[in-house]
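# A closer look at the structure
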Amino acid sequence: LLKSPPQRGSPRALPYGSFGLAMSLEDDIAFFQQVPTFAALGKQALRILAIGAETRQLTNGSVLFYAGEVADGGYVVLDGALSLEPSSSLNNERFIAGPGTLVSERALFADTVCSSTAIARGQTTVIRISRSLFREMMEGYPEAAQKLRDTMAERVDGWVRELGAVKRRLEGGG
């Protein structure tokens, strides 16, 4: 039985703000506050993201992006889920990104290539934040940029501690 490859979705872009749904701008900001990367940015900075964000609706099996494509922004899953399938057969683990998950975070900060293919699992709504919008927000709200830098530095420190613990266990010391 041959399976056809997933078809690239023709995601519908919806109007700015309120993510094109029956939500107020305040609801949009409250939703972004639940996304760990955005939590420390503050309401005014999140307002800029909410107003400039673009909503895309995907049908089951639609591909949001393919592994190897250049990424120019990040996506937050608003509703539904994305299956993130690795580009390498060496890593067969799939990750399911549900509501509130930020996908392609690195693309908000720098040029990068998608490391996985994102496929909608059922009806899925994502919010696209372009790198240019994110940078404009950071430039306009330097205090938010500093909070984000601090938050990311804490994350990296945590990873370093976790890797150190793994290293000690592998070396037989802990």
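Description of the structure in this document. (Residues numbered from 1 in each chain as written. Predicted model: local features only at pLDDT ≥ 70, side-chain atom pairs only at ≥ 80, totals over all residues. Heavy atoms only, no water.)

We now examine helix 2 (residues 43–52). Looking at helix 2, one finds that the buried residues are Ala-45, Leu-46, Leu-49 and Ala-50. Axial view of helix 2: buried residues confined to an arc of 140°, hence all on one face. The secondary structure elements touched by the buried residues of helix 2 are helix 1 (25–33), strand 9 (116–130), helix 3 (131–140) and helix 4 (142–170). (Buried < 20%, exposed > 50% of the residue type's maximum accessible area, 1.4 Å probe, protein only. Helix = DSSP H or I, 4+ residues; strand = E, 2+ residues; numbered from the N terminus. Arc of directions from axis to C-beta. Contact = heavy atoms within 4.5 Å.)

Burial within strand 9 is extensive, with twelve of its 15 residues counted as buried. Relative to strand 9, strand 5 (residues 73–86) runs antiparallel, the two sharing twelve bridges. Its bridge partner lying in strand 9, Leu-82 is registered against Ala-120. (Pairing = 2+ DSSP bridges.)

If you look at the biggest cluster of nonpolar residues, it comprises 23 residues, and the most contacted ones within it are Phe-32, Phe-38, Leu-41, Leu-49, Val-76, Ile-129 and Phe-134. Looking at this core, the elements that each hand over two or more residues are helix 1, helix 2, strand 5, strand 9, helix 3 and helix 4. When residues no more than four places from it in sequence are discounted, the contact partners of Val-76 are Phe-31, Phe-32, Val-35, Phe-38, Gly-100, Thr-101, Leu-102, Thr-125, Val-126, Ile-127 and Ile-129. Residues Ala-71, Val-77, Leu-84 and Val-126 belong to the second largest nonpolar core, which totals 15 residues. (Core = buried A, V, L, I, M, F, W, Y, C linked by side-chain atoms within 4.5 Å.)

Within this structure, the stated rule accounts for five aromatic pairs. Residues Phe-38 and Phe-134 carry aromatic rings whose centres are separated by 6.1 Å and whose planes lie at 35° to one another, so their mutual orientation is tilted. With Phe-38 in the loop between helix 1 and helix 2 and Phe-134 in helix 3, this pair connects stretches of sequence that are 96 residues apart. Its relative accessible area of 1% is what places Phe-134 among the buried residues. Judged by centre distance (5.3 Å) and plane angle (85°), the ring pair of Phe-109 and Phe-134 falls under edge-to-face. (Phe/Tyr/Trp six-rings, centres within 6.5 Å; stacked < 30°, edge-to-face > 60°.)

So, about the environment of Thr-125. If you trace the backbone, Thr-125 turns up in strand 9. For Thr-125 and Leu-82, which are 43 residues apart along the polypeptide, the C-alpha to C-alpha distance reads 9.4 Å.

Attention shifts here to the environment of Ala-110. Structurally, Ala-110 can be placed in the loop between strand 7 (102–103) and strand 8 (112–113). Judged by its relative accessible area of 34%, Ala-110 falls in the partly exposed class. Placed 37 residues apart in sequence, Ala-110 and Gly-73 show a C-alpha to C-alpha distance of 8.9 Å.

This part takes up helix 4. Taking 1.5 Å per residue as the helical rise, helix 4 with its 29 residues ought to reach 42 Å, and the 42 Å between its terminal C-alpha atoms agrees with that figure. Buried within helix 4 are the following residues: Ala-144, Leu-148 and Gly-158. In this structure, the buried residues of helix 4 make contact with helix 2 and helix 3. Phi for Gly-172, located one or two positions after helix 4, is positive at around 80°. (Expected span 1.5 Å × (residues − 1).)

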